[in-house]
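Single-letter residue listing:
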Amino acid sequence: MAVRQQARYQQTMSEVGRFTALIRQTIQGNLITDRSTMEGKSCKLTISLAPSGFVTNVVIGKGDQVVCSASKTAIYKAGTLPVSKDPEVFKEMRTISLTVVPEF
């Protein structure tokens, strides 16, 4: 039983990682970048999501203010982010923290 639970947990965390990568990709796709002010900078964000993937809140953490502002705008521009239909996976990513590093 414990082995099965451990395997399920690992599968869930693997799915969380996959959806986190998809969320990062979505943010990067909507991020308006300026190399002169953003290069080498980052921003830590905490995003709250509804089961549909709808963004309910974005809290800016540590990071460059220009990158943070642009990242928050990019998230709200997307409106909804990719989330798993699996309730266990979604429970782990209802509130997700990630660091945005602009790509050029």
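Our structure is the block above this text.
Please read all numbers here as calculations on a predicted model, not as lab measurements.

A. Representation of the environment of Gln28. Among the structural elements, Gln28 can be located in helix 1 (residues 2–30). Each C-alpha atom of the pair Gln28 and Pro102 lies 7.0 Å from the other, and the pair is 74 residues apart in sequence.

B. Focus on the packing of aromatic side chains. Counted under the stated rule, the structure contains zero aromatic pairs. Against the face of Phe19 rests Arg18, its NZ or CZ located 4.7 Å from the ring centre.

C. Seen up close, the packing of helix 1 against helix 3 (residues 65–78). It is at 8 Å that the axes of helix 1 and helix 3 come closest, and there the two elements cross at 105 degrees. Regarding the angle of helix 1 to helix 3, the classification is roughly perpendicular. Two secondary-structure elements touch here, helix 1 through Thr26, Ile27 and Asn30 and helix 3 through Ala74, Ile75, Lys77 and Ala78. Classifying every residue of the contact of helix 1 with helix 3 gives four nonpolar, two polar and one charged.

D. The arrangement of the sheet that holds strand 2 (residues 55–63) in detail. Across the sheet, three strands lie side by side as 2-1-3; this open sheet has antiparallel pairing. With partners counted over all chains shown, the strands left at the sheet margins are strand 2 and strand 3 (95–100), one partner each. Averaged over all pairs of adjacent strands, the angle between strand axes in this sheet comes to 20 degrees, irrespective of strand direction. Of the pairings in the sheet, the one linking strand 1 (residues 43–49) to strand 2 comprises six bridges and is antiparallel in character. Among the inter-strand pairings, Ile47 is bridged to a residue of strand 2, identified as Val58. Across the sheet, helix 1 lies against strand 1 and strand 3, angled at about 55 degrees from strand 3, the strand it touches most. Helix 3 rests against strand 1, strand 2 and strand 3 of the sheet, and its axis sits at about 165 degrees to strand 2.

E. How the structure looks around the state of the cysteines. Enumeration over the complete set of coordinates arrives at one disulfide. Between Cys43 and Cys68 runs a disulfide, and the two sulfur atoms are separated by 2.0 Å. With the S-S dihedral at roughly 105 degrees, the linkage between Cys43 and Cys68 falls on the right-handed side. One end of the pair, Cys43, is in strand 1; the other, Cys68, is in helix 3, with 25 residues separating them in the sequence. Look at Cys43 and you get buried, because its relative accessible area is 0%. Judged by relative accessible area, which is 0%, Cys68 ranks as buried.

Cut-offs used in this document
- Residues numbered from 1 in each chain as written.
- Predicted model: local features only at pLDDT ≥ 70, side-chain atom pairs only at ≥ 80, totals over all residues.
- Heavy atoms only, no water.
- Helix = DSSP H or I, 4+ residues; strand = E, 2+ residues; numbered from the N terminus.
- Phe/Tyr/Trp six-rings, centres within 6.5 Å; stacked < 30°, edge-to-face > 60°.
- Lys NZ or Arg CZ within 6 Å of the ring centre and 35° of its normal.
- Axes fitted to C-alpha atoms, helices over the stretch in contact; angles between N-to-C directions.
- Parallel < 35°, antiparallel > 145°, perpendicular 65-115°, else oblique.
- Contact = heavy atoms within 4.5 Å.
- Nonpolar A, V, L, I, M, F, W, Y, C, P; charged D, E, K, R; others polar.
- Pairing = 2+ DSSP bridges.
- Disulfide = S-S within 2.5 Å.
- Buried < 20%, exposed > 50% of the residue type's maximum accessible area, 1.4 Å probe, protein only.

Read these as spatial facts, not as claims about activity.
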